Amino acid sequence: MNKVMSRTVQPRPRHRPPTRRDTRRPGGAPPRTAARTTAVRAQSPRTTPQAAAGQPRPTDLFADRLLAVLSGQRPVHWMLRHTAGRAYDDLARLAERGPLRTRGPRGIRPVVQDIGYYVAGEGALEVFARVATGDRLRAMAFRLERGEDLRWRCTAVETGPV
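Report follows, based on the coordinates. What you are looking at is a predicted structure, and each value in this text was computed from that prediction instead of being measured.

**Comments concerning the overall build of the protein chain**
In step 1: Broken down by element type, the protein chain carries four helices and four strands.
In step 2: Along the protein chain, helices and strands appear, N-terminal first, in the series α-α-α-α-β-β-β-β.
In step 3: Sequence-distant contacts in the protein chain: of pairs separated by 6 or more residues, those separated by 24 or more amount to 42%.
In step 4: Taken as a whole, the protein chain presents about 12300 Å² of accessible surface, with 51% of it coming from carbon and sulfur.

Listed below in structure tokens is the structure:
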């Protein structure tokens, strides 16, 4: 006895499935567009040219990257391409001590609460950030310099209590 198993082939739909609607948005609110979010960012008093073009600020990116390394969420070598000079050695020394690691119950991750910066010169920013871990506040400061390839690199990093 020969059994033949056959499956009817279902044709693929030629249209795209309906997209998920954002249930958090009120019914009459207009959808978000790139032009609208850029205009809102351009009104911000601390806008850098990168933020006006719709890109995240280098200060925010580096604060999050450094926090991930100093809190133990990422290895130190993750920042190797993003540092210059002695900053990598300083970062490795700081990461050994784990100044921003959580000491209390698990699940509480440090977050960047506030960021400010000072334009130290052409292509140089000195950034300071307040890092919160539960009810504890710490300070993190770093310097960013723009290289000849127009990429930002961290050239110094420090941490301390607030």
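Picking up after the structure, the text goes on.
**Section: helix 3 (residues 58-70)**
In step 1: The first and last C-alpha atoms of helix 3 sit 18 Å apart over 13 residues, in line with the 18 Å expected at 1.5 Å per residue.
In step 2: Along helix 3, the residues that are buried comprise Pro 58, Thr 59, Phe 62, Ala 63, Leu 66, Leu 67, Ala 68, Val 69 and Leu 70.
In step 3: Backbone geometry just after helix 3 places Gly 72 at a positive phi near 85°.

**Describing the environment of Asp 89**
In step 1: Checked against the element boundaries, Asp 89 lands in helix 4 (residues 87-97).
In step 2: Since its relative accessible area comes to 44%, Asp 89 is described here as partly exposed.
In step 3: Along the backbone, Asp 89 and Val 157 are 68 residues apart, and their C-alpha atoms lie at a distance of 9.8 Å.

**Here we look at the pairing of strand 1 (residues 111-121)**
In step 1: Sheet topology note: the strand 1/strand 2 (residues 124-133) ladder contains nine bridges and is antiparallel. Its bridge partner being in strand 2, Tyr 117 is matched across the sheet by Val 127.
In step 2: The antiparallel pairing of strand 1 with strand 2 creates a hairpin that spans two residues between the two strands, and Gly 123 there sits at a positive phi of about 75°.

**Details of the side chain of Thr 83**
In step 1: Relative to the assigned elements, Thr 83 resides in the loop between helix 3 and helix 4.
In step 2: Taking the relative accessible area as the measure of exposure, Thr 83 reaches 11% and is therefore buried.
In step 3: Within polar-contact distance, the side chain of Thr 83 engages the backbone oxygen of Met 79 at 3.3 Å.
In step 4: There is a polar contact of 3.3 Å between the side chain of Thr 83 and the backbone oxygen of Leu 80.

**As for the packing of aromatic side chains**
Centre distance and the angle of the planes are the two values used to describe a pair of aromatic rings.
In step 1: A complete count under the given rule lists zero aromatic pairs for this structure.
In step 2: Seen from the ring of Phe 62, Arg 65 lies directly overhead, with NZ or CZ sitting 5.2 Å from the centre.
In step 3: It is Arg 74 that lies over the ring of Trp 78; its NZ or CZ is 4.5 Å from the centre.

**Looking at the pattern of salt bridges**
In step 1: Applying the stated criterion across every chain yields a total of seven salt bridges.
In step 2: Residues joined by salt bridges that share partners form a network here, namely Arg 86, Asp 90 and Arg 93.

**A word on the side chain of His 82**
In step 1: Of note, His 82 is situated in the loop between helix 3 and helix 4.
In step 2: The contact partners of His 82, leaving out residues within four places of it in the chain, are Phe 62, Arg 65, Arg 151, Arg 153 and Cys 154.

Rules behind the numbers
Residues numbered from 1 in each chain as written. Predicted model: local features only at pLDDT ≥ 70, side-chain atom pairs only at ≥ 80, totals over all residues. Heavy atoms only, no water. Helix = DSSP H or I, 4+ residues; strand = E, 2+ residues; numbered from the N terminus. Contact = heavy atoms within 4.5 Å. Areas by Shrake-Rupley, 256 points an atom, 1.4 Å probe, with all protein chains shown as cover. Expected span 1.5 Å × (residues − 1). Buried < 20%, exposed > 50% of the residue type's maximum accessible area, 1.4 Å probe, protein only. Pairing = 2+ DSSP bridges. Polar contact = N/O pair within 3.5 Å; in protein donor to acceptor, adjacent residues only side chain to side chain. Phe/Tyr/Trp six-rings, centres within 6.5 Å; stacked < 30°, edge-to-face > 60°. Lys NZ or Arg CZ within 6 Å of the ring centre and 35° of its normal. Salt bridge = Lys/Arg side-chain N within 4 Å of Asp/Glu carboxyl O.

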